[in-house]
Amino acid sequence: MFTDVEQRNMELMQTLDDAWNDQDVEVFRERHKPGVVVHWPGKPEPTVGIEDHTEESKEFWRTFPDQKLDNRPYRIFFASGDWTCSIARFRGTMEGPMIAPDGTEIPPTGKSFDIEFCTVAQWDDGQIVEENLMYDLVTFMEQIGLET
């Protein structure tokens, strides 16, 4: 059904999301190229580079320490050439502060989110070169108690 490359990329994507759930920085970094470009909802410019992507991920984990992406199994998961696409349930609770775009700190609300999360990733030799992260940002913000 899938080519060997597509199957390998799907396996790597699943282990990347395992690392995300475990907050395993080592595996997380191994799955991305040094110059990875990452598109997040609500950010006007993509994140460029594994260093910045690692830091923003650690910040997310500090804000939502119990976060979990349900990737075994994904709701939808497939590959085409060098691309993978996954859709999963994503949930967590805002237990830590969040840094607003203007740099101010938003205190934790203690409220939870439960949304669908889609990742479309382009792979090159076993690492992501471009990652498109998509979810309903308005619903996410409303669920954690922040105005949109």
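Notes on the structure follow.

Scoring rules and cut-offs
Residues numbered from 1 in each chain as written. Predicted model: local features only at pLDDT ≥ 70, side-chain atom pairs only at ≥ 80, totals over all residues. Heavy atoms only, no water. Helix = DSSP H or I, 4+ residues; strand = E, 2+ residues; numbered from the N terminus. Buried < 20%, exposed > 50% of the residue type's maximum accessible area, 1.4 Å probe, protein only. Contact = heavy atoms within 4.5 Å. Expected span 1.5 Å × (residues − 1). Pairing = 2+ DSSP bridges. Phe/Tyr/Trp six-rings, centres within 6.5 Å; stacked < 30°, edge-to-face > 60°. Core = buried A, V, L, I, M, F, W, Y, C linked by side-chain atoms within 4.5 Å.

Moving on: the side chain of Q14. One can find Q14 in helix 1 (residues 4–22). Take Q14: its relative accessible area is 17%, and that puts it in the buried class. Apart from residues no more than four positions distant in its own chain, Q14 is found in contact with N71, R72 and Y74.

Moving on, we come to helix 1. One full turn of an α-helix is made of 3.6 residues, so residues set three or four places apart face in the same direction. In this model, helix 1 (19 residues) spans 27 Å end to end at C-alpha, consistent with the 27 Å of a helix rising 1.5 Å per residue. Phi for Q23, located one or two positions after helix 1, is positive at around 55°.

It is a general feature of regular strands that their side chains alternate between the two faces of the sheet. Sheet topology places strand 1 (residues 32–39) next to strand 9 (residues 127–135); four bridges connect them, and they run parallel. Residue pairing for strand 9: V37 is matched across the bridge by E130. Pairing of strand 8 (residues 112–124) with strand 9, which is carried by eight bridges, proceeds in the antiparallel orientation. Within strand 9, the residue paired with V120 across the bridge is N132.

The geometry of two aromatic rings is summed up by the distance between their centres and the angle between their planes. In this structure the tally under the stated criterion is 16 aromatic pairs. Look at F64 and F140: their rings are 5.6 Å apart centre to centre, the planes differ by 55°, and that puts the pair in the tilted class. With a gap of 76 residues between them, F64 in the loop between helix 3 (50–63) and strand 3 (68–69) and F140 in helix 4 (residues 137–143) connect regions that are remote in the sequence. Per residue, the accessibility class of F64 equals that of F140, and both read buried. Plain terms: the ring middles of Y74 and F77 are 4.3 Å apart, the flat faces sit at 45° to each other, and that makes the pair tilted. Taking relative accessible area as the criterion, Y74 reaches 7% and is therefore assigned buried. On the basis of relative accessible area, F77 is assigned to the partly exposed category, the value being 21%. Of the aromatic side chains, those joined through ring pairs into one cluster are W20, F28, W40, F60, W61, F64, F90, F113, F117, Y135 and F140.

In this structure, W20, F60, F64, F90, F113, F140 and I144 are the most contacted members of the largest nonpolar core, which totals 30 residues. Mapped by element, the contributors of at least two residues to this core are helix 1, strand 1, helix 3, strand 5 (83–93), strand 8, strand 9 and helix 4. Sort the elements by how many residues they give to this core and strand 8 lands first, with five residues.

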